[in-house]
Amino acid sequence: MGFNCGIVGLPNVGKSTLFNALTATAQAEAANYPFCTIEPNSGRVAVPDPRLGELATIASSVKVVPTYLEFVDIAGLVRGASKGEGLGNKFLSHIREVDAICHVLRCFDGGEVTHVEGSIDPVRDAEIVETELLLADLESMERRLDTAEKRAKGGDKEARAQLEVLEAVVAVLREGQPARTAEITDDQQADFRLLQLITGKPVLYICNVDEDSAANGNDHTRAVEKMATECGAAAVVVSAEIEAEVAQLDDLEERLEFLEGLGLDETGLSRVIRAGYELLDLITFFTCGPKETRAWTVAQGATAPEAAGRIHSDFQKGFIRAETIAYADYLKHSGEQGAKDAGRMRQEGKDYITKDGDVMLFRFNV
């Protein structure tokens, strides 16, 4: 099970520049013309977590392995994409496959790059993309609704259950609202996810600014933040050009010095990665030992066997118990043995819900 965020937006807003910096590669060609990106490029990025190094030091680990998110750079979209304009059909098929949407918005004036709409208005740009995604969802769901209605009339119980979800979704889409605003019960969540709704995915707005606005934002970013708050999304401020420069610096001290000179205490990309992690409602647990300390990603609410399955499917199939130490206890008692001696190692069974920061050792039998 992987977790990925699709980087989307209108052409020429800095998506590919951001992706290149994010993955510290040149996988995606950045150029000053629309539809430069055709096939989606993907790259894994480490989730920054200071706890990992602290645990590794205590465990005297030879190797340290972070947890990762995958970012996918998807082709630029224009008005009419839902009807096949530009690379609309390719764009829409690719975006259905990601878990969350990172929407890059141009939040700087001037520059040599021409905006596809002829002016700078990030809120308008966000609405253009949202409208195209909404129209694509509506067209797809109305077709499914017709089919489900016919099957439900024939007595198909599964179709009846699906029909209730489809009716709720189509109702909000027809009102011009994204599918994620539909009232879906806990029992209906599985059917809702199966619909692969583009507007059902969580959204993070990435405000791409110039160097002068990287630390404190500007009027454009404040407008985006207001919009994000109103629609239940998140927003972060990043300068793709600054991040591209930082990516060229191999030495950590050089990076920190460069950022400090700009009034920044961390890269914007670190904020994007963390926000993407939070957007997907993910948590981290750890495994520690002399060979390696490793971070693992699971969804909030994952059981101990499901966490074990992230390491290997056999761990989940043959799960017996999880020997668990809270991160704070692991630090306080200087590692596994100290926590065990202090009575802070717990034996957790199949119903245990994994907590963020848990240090776990799985016992299994296959």
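Residues numbered from 1 in each chain as written. Predicted model: local features only at pLDDT ≥ 70, side-chain atom pairs only at ≥ 80, totals over all residues. Heavy atoms only, no water.

**Section: the overall build of the chain**
A count of helices and strands for the chain gives 14 helices and 12 strands. Evaluated residue by residue, the chain yields a buried proportion of 49% over its 366 residues. Residue pairs at least 24 apart in sequence account for 69% of intrachain contacts in the chain once pairs closer than 6 positions are excluded. By element, 47% of the accessible surface of the chain is carried by carbon and sulfur atoms, the whole surface being about 18000 Å². (Helix = DSSP H or I, 4+ residues; strand = E, 2+ residues; numbered from the N terminus. Buried < 20%, exposed > 50% of the residue type's maximum accessible area, 1.4 Å probe, protein only. Contact = heavy atoms within 4.5 Å. Areas by Shrake-Rupley, 256 points an atom, 1.4 Å probe, with all protein chains shown as cover.)

**Side note on the nonpolar core**
Within the largest apolar cluster, 57 residues are counted, with the highest numbers of intra-cluster contacts made by L69, F71, I95, Y205 and I206. Excluding residues that lie within four positions of it along the chain, F71 makes contacts with C5, I7, F19, L22, N41, S42, G43, V45, C102, V272 and I273. Residues M141, V165, A182 and I184 belong to the second largest nonpolar core, which totals 20 residues. (Core = buried A, V, L, I, M, F, W, Y, C linked by side-chain atoms within 4.5 Å.)

**Describing the confidence of the model for the chain**
On average, residues of the chain score 86 in pLDDT, and 88% of them are at 70 or above. Ranking the elements of the chain by mean pLDDT puts helix α3 (residues 88–95) last with 63 and helix α13 (residues 327–332) first with 98. Scored below 50 in pLDDT, residues 25–39 shows 46 contacts in the model against residues more than four places distant or in partner chains. (pLDDT = per-residue confidence, 0-100.)

**Overview of the packing of aromatic side chains**
All told, the structure shown has four aromatic pairs when counted by the stated rule. One aromatic cluster in this structure is built from F285, W296, F319 and F362. For the cation-ring pair, R44 lies above Y68, with the distance from its terminal atom to the ring centre recorded as 4.0 Å. One residue, R51, lies across the ring of Y327, its end atom 5.8 Å from the ring centre. (Phe/Tyr/Trp six-rings, centres within 6.5 Å; stacked < 30°, edge-to-face > 60°. Lys NZ or Arg CZ within 6 Å of the ring centre and 35° of its normal.)

**What to know about the environment of L195**
Within the secondary structure layout, L195 lies in the loop between α6 (189–194) and β6 (203–208). Between the C-alpha atoms of L195 and V169, which are 26 residues apart in sequence, the distance is 9.9 Å. In this structure L195 touches M141, R144, Q162, V165, L166 and V169, once residues within four positions along its chain are discounted.

**A few points about helix α9 (residues 252–261)**
Of all 10 residues that make up α9, one are buried, and the element is exposed over most of its length. G263 occupies a position one or two residues after α9 and carries a positive phi of about 80 degrees.

**Details of the pattern of salt bridges**
Tallying each qualifying case throughout the model produces 17 salt bridges. The salt bridge partner of R124 is D125, with a shortest N-O separation of 2.9 Å. Like D125, R124 is buried. With its nearest N and O atoms 2.7 Å apart, the salt bridge here joins R346 to E348. Overall, R346 belongs to the partly exposed group, its relative accessible area being 27%. A network of salt bridges, in which partner residues are shared, links D49, R51 and D356. (Salt bridge = Lys/Arg side-chain N within 4 Å of Asp/Glu carboxyl O.)

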